[in-house]
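# Examining the three-dimensional arrangement
The primary structure of each chain is shown beneath.
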Amino acid sequence: MDSVILILGLLFFAFVALGVYAGVKAVGAAKRGVDRTISQARRTVEETTLRAKSYGQTGVGGELAQLRLALRTSMRATQEALQAGAAEDASLAESLGLFQRLSVHGHELDDELKKLEREPDRATVASLLPSLKQRTERITHSADSLRWAARDRARQFSEDSLDALNAQIDVEAGALRHWTVEPDVPVRGQGGGPQGDTSGRSQSQGQGHRSQEPGQEQRPGPGQGSGADEGAARAITAADPRRQAGYPWQKAPRPETTN
């Protein structure tokens, strides 16, 4: 009885611990989801504000907003492309590491541009704009290079896979149409029946038996086998009566004799 109570107590504590663990995991997942939603909403609001400033504001403030918008757009597009490609291609892991190092410089530049937007000395900010534009172009150019290289790699893999698939489909289609290519099929009559084949075979066999006499062998002359007869022989190769498997009622041809 004591052992049963002990087992029930252990099961109860195990279920309680499992419930606490599942609750903590659920709370953590919900918190991460909320944080992700808040960050996405904040990013959307910031980009909308920057887009409005770049279009509606002139002067130094508008140029700073354009630089921040171009930087954030390029970096976000490259990050999404590399993360999506790294899930399928392990070779992009190094590219993703390089992008993370580039993101450090991008965050520093974005923070600097954000501080300069609130700077009251517009003359000093205007003097810094050429160097800020150069830094922004360098970072966006590197990000764009990584993004397009990853896309070109994925497209090349897709084209190679499609070429291999097309070759396999062509082979399978040729195998399914096996009746269209048969070089050894004898020519049939116009009606599609085997009458022409049977009559031709019987005539050739009769001519072969009539041409052979005891003690004699008919050999082709030097001028034979040319012209239309040679073309017909290449088109339809007649069966050799000496090599043809005879029927039980046929007389086998005599072998050649050498004097």
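Residues numbered from 1 in each chain as written. Predicted model: local features only at pLDDT ≥ 70, side-chain atom pairs only at ≥ 80, totals over all residues. Heavy atoms only, no water.

## Description of the side chain of D89
Inspection of the secondary structure puts D89 in the loop between α2 (60–86) and α3 (92–117). The buried category is assigned to D89, whose relative accessible area is 14%. Separated by 2.4 Å, the side chains of D89 and R153 make a polar contact. Ignoring anything within four residues of it in the chain, the contact list for D89 reads R153 and F157. (Helix = DSSP H or I, 4+ residues; strand = E, 2+ residues; numbered from the N terminus. Buried < 20%, exposed > 50% of the residue type's maximum accessible area, 1.4 Å probe, protein only. Polar contact = N/O pair within 3.5 Å; in protein donor to acceptor, adjacent residues only side chain to side chain. Contact = heavy atoms within 4.5 Å.)

## Quick look at the nonpolar core
Judged by nonpolar contacts, the single largest core of 19 residues is most densely connected at L64, M75, L109, L113, L132 and I139. Looking at this core, the elements with two or more residues in it are α2, α3 and α4 (122–176). Sorting elements by how many residues they give to this core places α3 first, with seven residues. (Core = buried A, V, L, I, M, F, W, Y, C linked by side-chain atoms within 4.5 Å.)

## Some thoughts on the side chain of T136
On the secondary structure map, T136 appears in helix α4. When neighbours within four sequence positions are excluded, T136 is seen to be in contact with L67, L71, L109 and L113.

## So, the pattern of salt bridges
Summed over the entire model, instances satisfying the criterion amount to eight salt bridges. A salt bridge links D110 to R68; the nearest nitrogen and oxygen atoms lie 3.1 Å apart. Remark: R68 occurs in helix α2 and D110 occurs in helix α3; sequence separation between them is 42 residues. Of the two residues, D110 and R68, both sit in the buried class. Here R72 ties to D110 by a salt bridge, and the two come within 3.5 Å at their closest N and O atoms. Placement of R72 in helix α2 and of D110 in helix α3 is noted, with a sequence separation of 38 residues between them. On the accessibility criterion, R72 (16% relative accessible area) is buried. What you see here is one network of salt bridges that share partners, running through R68, R72, D110 and E117. (Salt bridge = Lys/Arg side-chain N within 4 Å of Asp/Glu carboxyl O.)

## So, the packing of α2 against α4
For any two helices packed against each other, the geometry comes down to the angle between their axes and how far apart the axes lie. Two elements in contact, α2 and α4, have axes separated by 9 Å at closest approach and are oriented at 20 degrees. The angle between the axes of α2 and α4 places the two elements in the roughly parallel class. The handedness of the crossing between α2 and α4 comes out as left-handed. Across the contact of α2 with α4, the residue classes break down as 17 nonpolar, five polar and six charged. (Axes fitted to C-alpha atoms, helices over the stretch in contact; angles between N-to-C directions. Parallel < 35°, antiparallel > 145°, perpendicular 65-115°, else oblique. Left-handed = near helix turned anticlockwise from the far one by under 90°. Nonpolar A, V, L, I, M, F, W, Y, C, P; charged D, E, K, R; others polar.)

## Re helix α1 (residues 2–56)
Under the 1.5 Å per step criterion, the end-to-end length of α1 is 80 Å for 55 residues, consistent within 8% with the ideal 81 Å. Those residues of α1 that sit buried are E47, L50 and S54. Elements that come into contact with the buried residues of α1 comprise α2 and α3. (Expected span 1.5 Å × (residues − 1).)

## A word on the confidence of the model for the protein
Summing up the model confidence of the protein, the mean pLDDT is 75 and the portion of residues at 70 or higher is 69%. Considering only residues more than four positions removed or in separate chains, one finds that residues 206–217, a stretch of pLDDT under 50, has eight contacts. In this model residues 221–226 is a low-confidence stretch, pLDDT under 50, and it forms one contact with partners more than four residues away in sequence or in other chains. (pLDDT = per-residue confidence, 0-100.)

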